[in-house]
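# A structural walkthrough
If you want the building blocks of each chain, they are given just below.
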Amino acid sequence: MSSGGLELPPGDAGRDGGPAGPAEAPPGAAAPPGAGVPPGAGTPPGAGAAPGTVAVTRPVEIGVELDWDAEAWSEVRTRAQRAGRAYIWLNLVEQRLRAVVAAVLRPVYEPVHGEEWVVAAAGPAGQEWVQRAVAVREVSRRKGYLLDPADDNVLSFLTLPQLRELMVQHWPCFEPYFDDRREVELALDELEVTRNVVSRNRALSLTVLAQSERASARILEILGSGAGVPSADRLPVDAVEDLVGDRYADVVQVHPDRVRLQRQLPAEDLFGGARRLDATGIGLNLLVQNFSGRRMVRLAESGCRIRLLFLNPASSAVKRRERELGLKKGELSRSVEMNILHMRRVRSKLRDPGAFQIHVFDETPRFTAYLVDGDGPDGVGVVQSYLRRARGMEAPVLVLRGGRNVVRHDRHARDGDHGLFETYREEFESVWLDSRPVS
């Protein structure tokens, strides 16, 4: 035996009675390792093999390709986020549709068929899928999967397409409650792509996700979602916020800067139609520079009560802020003064100047806040903290929903907890009391 492997017998294969290959070996004879492997197989390039020898193939390392890099993990998390968001919408639609089907069809079929009313409602056309739902329910019962007694019925085991089928089959029963059958069917059709993608954990594109969110919102509107959030017109309620928003108090949006805020929540959407507007900050640029004076006059004339609280342009706090931002002396104070003058011109055009109040304060500015309809249950707030080296345009932004009931799930929570909107509203009132009016 040589160092390169087993040494083969000399001469031609088959001559002198030697076997031509492993297939011709005598019964019971073990084939040597490497037999049947072409010479040089598995030999690294440049490595010579001894004449008449066969190199043994090196084992391949297994599992190296199973590792995910940072890019792969990022892609997976993105998929999970989109699928989770879509699942919440689908869950809401399915629960609402199930409740509607039960409310309409149960009084028709239950008096005659009892607990089997869903089977009866499915009829011959739905015999296959309703019997499958019955079987799944029985298995779930035996294995203890039914933890909530409210789910111990056949209707809870029907899928969204099956609920839709029940609705379509019995449309005369639903017609008194809904105007357009075709609209309901089209909206449910749009959800089928998303439902299939989510149920099979495939990639969900942003386009399909947006389509499913629009379709879900439309279906919930048709079926009567009963959102009951007064500020939904100004700041639409997201399905995710509606379910888990209390985890973050009353913060409904976070933006890295004001530019991104205005893409999602333009000044017209924020301030338009307001009944009350309270704003405090250094120069209030979000309002003054993004909401025209003409629109502000119409807003005040329509009954909106406006209170604007500027930092006094002659105060030492303005000079300190100029040094923080590296501005020339007087640059910031002139900008604030120009904003105040503009608001004074707007106020002068009003029949009731008392509805439009302008004050200045001399304290160190800690934040800027725009509180819309803060005296009611439908308030919306935009808040930014002042950073030492960043202008207001560059500071992170919190969007708050006033009037939201903050639910606490931990046992240590105190009753009467409120969100950040109320905190900033109280702070505004405190500074307002110590401020001075501008004539």
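In this report, the structure presented in the accompanying data block is examined. (Residues numbered from 1 in each chain as written. Predicted model: local features only at pLDDT ≥ 70, side-chain atom pairs only at ≥ 80, totals over all residues. Heavy atoms only, no water.)

### Comments concerning the sheet that holds strand β4 (residues 356–361)
Cut-off, in case you're wondering: The pairing criterion for strands is at least two bridges between them, as found by DSSP. Secondary structure is summarised from DSSP: a helix means a run of H or I of at least four residues, a strand means a run of E of at least two, and numbering begins at the N terminus for each. By definition, residues are in contact when any of their heavy atoms lie within 4.5 Å. Interaxial angles span 0 to 180 degrees and are taken between N-to-C directions of axes, which are lines fitted to C-alpha atoms, for helices over the stretch in contact.
Strand order in the open sheet formed by eight strands is β1-β7-β6-β5-β2-β3-β4-β8, and the pairing between neighbours is mixed. Only two strands of the sheet have a single partner each, and these edge strands are β1 (251–255) and β8 (436–437). Relative to strand β3 (residues 305–311), strand β2 (residues 276–281) runs parallel, the two sharing six bridges. If you follow D278 over to β3, its bridge partner there is R307. The strands that helix α14 (residues 331–348) touches are β3 and β4; relative to β4, the one it contacts most, it runs at about 160 degrees.

### Observations regarding helix α6 (residues 181–199)
Counted only if it meets this: One less than the residue count of a helix, multiplied by 1.5 Å, gives the span that helix is expected to have. Across the chain, bend at a residue is computed as the angle between axes fitted to the seven residues ending at that point and the seven starting from it. For every residue, the accessible area (1.4 Å probe, protein chains only) is compared with the maximum for its type, and the residue is labelled buried under 20%, exposed over 50%, or partly exposed between those bounds. For this analysis, a polar contact is any N or O atom pair within 3.5 Å, provided that within protein one partner can donate a hydrogen and the other can accept it, and provided that sequence-adjacent residues contribute only side-chain to side-chain pairs.
Relative to the 27 Å expected for 19 residues at 1.5 Å per residue, α6 spans 26 Å between its end C-alpha atoms, a close match to the ideal helical length. At E192, α6 is deflected by roughly 30 degrees, the largest bend along its length. Among the residues making up α6, those that are buried are V184, E185, A187, L188, L191, T194, V197 and V198. Buried residues along α6 sit against α1 (70–113), α4 (160–169), α5 (171–174) and α7 (206–223). The opening residue of α6, the one whose side-chain oxygen lies 3.0 Å from the backbone nitrogen of R182, is D180. Just past α6, the residue N201 takes up positive phi, approximately 55 degrees.

### Focus on a nonpolar patch on the surface
Selection rule: What goes into a patch is any residue over 30% in relative accessible area without a salt bridge, connected to like charges within 9 Å or, for nonpolar side chains (Val, Leu, Ile, Met, Phe, Trp, Tyr), within 5 Å. Surface exposure here means Shrake-Rupley accessible area, sampled with a 1.4 Å probe, where a residue is shielded only by the protein chains that are shown. The working definition used for a salt bridge is a side-chain nitrogen of Lys or Arg within 4 Å of a carboxyl oxygen of Asp or Glu.
Residues W68, W73 and V76 make up a contiguous nonpolar surface patch of roughly 310 Å² in combined accessible area. If you trace the backbone, W73 turns up in helix α1.

### Details of the side chain of R164
Within the element layout of this structure, R164 appears in helix α4. If near-sequence neighbours (up to four positions away) are discounted, R164 is found in contact with L97, E185, L188 and D189.

### Overview of the packing of α4 against α6
The following threshold applies: What sets the label is the angle itself: under 35 degrees gives roughly parallel, over 145 gives roughly antiparallel, 65 to 115 gives roughly perpendicular, and the rest give oblique. Two helices crossing with the near one rotated counterclockwise from the far one by less than a right angle form a left-handed crossing, whereas a clockwise rotation gives a right-handed crossing.
Relative orientation of the contacting elements α4 and α6 amounts to 165 degrees, with a least axis distance of 11 Å. On the basis of the axis angle, α4 is roughly antiparallel to α6. The crossing of α4 and α6 is left-handed. Along its contact with α4, which presents L160, P161, R164, M167 and V168, the element α6 presents R181, V184, E185, L188, D189, L191, E192 and R195.

### Some thoughts on α14
Rules: The arc under discussion is defined with respect to the helix axis, by the directions toward the C-beta atoms.
Between its first and last C-alpha atoms α14 spans 26 Å; for 18 residues at 1.5 Å apiece the expected length is 26 Å, and the two agree. Three or more residues of α14 are buried, namely L332, S333, V336, N339, I340, M343, V346 and R347. Relative to the axis of α14, the buried residues are bounded by an arc of 145 degrees and lie together on one face. Residues of α14 that are exposed and point more than 90 degrees away from the buried face comprise M338 and S348. Where α14 is buried, its residues contact α11 (285–288), α12 (293–301), β3, α13 (316–325) and β4.

### Some thoughts on the nonpolar core
Rule in force here: Think of a nonpolar core as a cluster: buried Ala, Val, Leu, Ile, Met, Phe, Trp, Tyr and Cys residues, connected wherever their side-chain atoms sit within 4.5 Å.
Formed by 55 residues in total, the largest nonpolar core has its most connected members in F271, L308, F310, M343 and F356. Membership of the second largest hydrophobic core comes to 43 residues, among which are L97, L105, L209 and I219.

### Quick look at the pattern of salt bridges
Taken as a whole and judged by the stated rule, the model has 29 salt bridges. Notably, a salt bridge pairs E429 with R307, separated by 2.6 Å at the nearest N-O pair. With a gap of 122 residues between them, E429 in helix α15 (residues 420–433) and R307 in strand β3 connect regions that are remote in the sequence. In the salt-bridge network here, residues are joined through shared partners; they are R137, E138, R141 and D152.

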